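# Commentary on secondary and tertiary structure
Residue-level listing of the chains:
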Amino acid sequence: QVQLVESGGGLVQAGGSLRLSCAASTGTFSSYAMGWFRQAPGKEREFVAGISVSGGYTDYTDSVKGRFTISRDNAKNTVYLQMNSLKPEDTAVYSCAAGGANPWFVLRRQQQYDNWGQGTQVTVSS
């Protein structure tokens, strides 16, 4: 079992930036693919970005490509999501997740992840 704790959320104006962090309490962090998901009010949770165990593969949902960057530091057991040019439609609770099956690739489906953080609120004002 991996415990994940997100931080870095908050209120920002449109066009601004935030950096989310997700710290994992496991010595085997480098064995997990990591992902960021978000859930806006009244909507289903959706995939935002994912990264493979080595960091060599990343993928993003189309709406954030060119604005968001996912990265990881295996020495610090932490995954990051740098969010630039934020839009009001980015407002959501952002959660990180760890997946141990096929971690050499980017995992896009929620069912592929077996450990989840509690989430951090991101609010973008217009």
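Everything in this summary refers to the structure shown in the same document. If you're wondering where the values come from, they're calculated on a predicted model, not measured in any experiment.

### A short note on the pairing of strand β3 (residues 18-24)
Within β3, 5 of the 7 residues are buried, which leaves the element mostly enclosed by the surrounding structure. In this structure, strand β1 (residues 4-7) lies alongside β3, joined through 4 bridges in antiparallel fashion. Residue pairing for β3: V5 is matched across the bridge by A23. In the sheet, β3 pairs with strand β8 (residues 78-83) via 6 bridges, with the strands oriented antiparallel. Among the inter-strand pairings, L20 is bridged to a residue of β8, identified as L81.

### Looking at the pattern of salt bridges
Two side chains carrying opposite charge are able to pair once their charged atoms lie near each other. Inspection of the entire model under this criterion finds 5 salt bridges. One salt bridge connects D90 with R38, and the closest N-O pair in it is separated by 3.0 Å. Here the residue D90 occupies a position in the loop between β8 and β9 (92-99), and R38 occupies one in strand β4 (residues 33-39), the gap between them amounting to 52 residues. For R38, a relative accessible area of 6% puts it in the buried group.

### Looking at the nonpolar core
If you look at the biggest cluster of nonpolar residues, it comprises 29 residues, and the most contacted ones within it are M34, W36, L81, M83 and Y94. Going through the elements one at a time, β3, β4, β5 (46-51), β7 (68-73), β8, β9 and β11 (120-125) are the ones with two or more residues in this core. Ranked by size, the runner-up nonpolar core spans 6 residues in total, among them F37, A97, L107 and Y113.

### Looking at the sheet that holds β8
Overall, antiparallel pairing links the 4 strands, which are arranged β1-β3-β8-β7 in an open sheet. Taken across any chain shown, the strands that pair with only one partner, and hence form the sheet edges, are β1 and β7. Averaged over all neighbouring strand pairs, the angle between strand axes comes to 15°, with direction disregarded. The pairing of β7 with β8 spans 6 bridges and is classified as antiparallel. Bridge pairing in β8 places D73 opposite T78.

### Describing the packing of aromatic side chains
Summed over the entire model, instances satisfying the criterion amount to 5 aromatic pairs. Measuring from ring centre to ring centre gives 5.7 Å for F37 and F47, while their planes differ by 75°; the resulting arrangement is edge-to-face. Placement of F37 in strand β4 and of F47 in strand β5 is noted, with a sequence separation of 10 residues between them. Grouping residues by exposure puts F37 and F47 together as buried. Three or more aromatic residues link up through ring pairs in this structure, and these residues are F37, F47, Y113 and W116. The aromatic ring of Y80 is capped on one face by R19, whose charged end is 4.0 Å from the ring centroid. The ring of W116 has R45 sitting right over it, with the charged end atom 3.8 Å from the ring centre.

Each value, and the rule that gives it
Residues numbered from 1 in each chain as written. Predicted model: local features only at pLDDT ≥ 70, side-chain atom pairs only at ≥ 80, totals over all residues. Heavy atoms only, no water. Buried < 20%, exposed > 50% of the residue type's maximum accessible area, 1.4 Å probe, protein only. Helix = DSSP H or I, 4+ residues; strand = E, 2+ residues; numbered from the N terminus. Pairing = 2+ DSSP bridges. Salt bridge = Lys/Arg side-chain N within 4 Å of Asp/Glu carboxyl O. Core = buried A, V, L, I, M, F, W, Y, C linked by side-chain atoms within 4.5 Å. Axes fitted to C-alpha atoms, helices over the stretch in contact; angles between N-to-C directions. Phe/Tyr/Trp six-rings, centres within 6.5 Å; stacked < 30°, edge-to-face > 60°. Lys NZ or Arg CZ within 6 Å of the ring centre and 35° of its normal.

Read these as layout, nothing more, since geometry by itself doesn't imply function.
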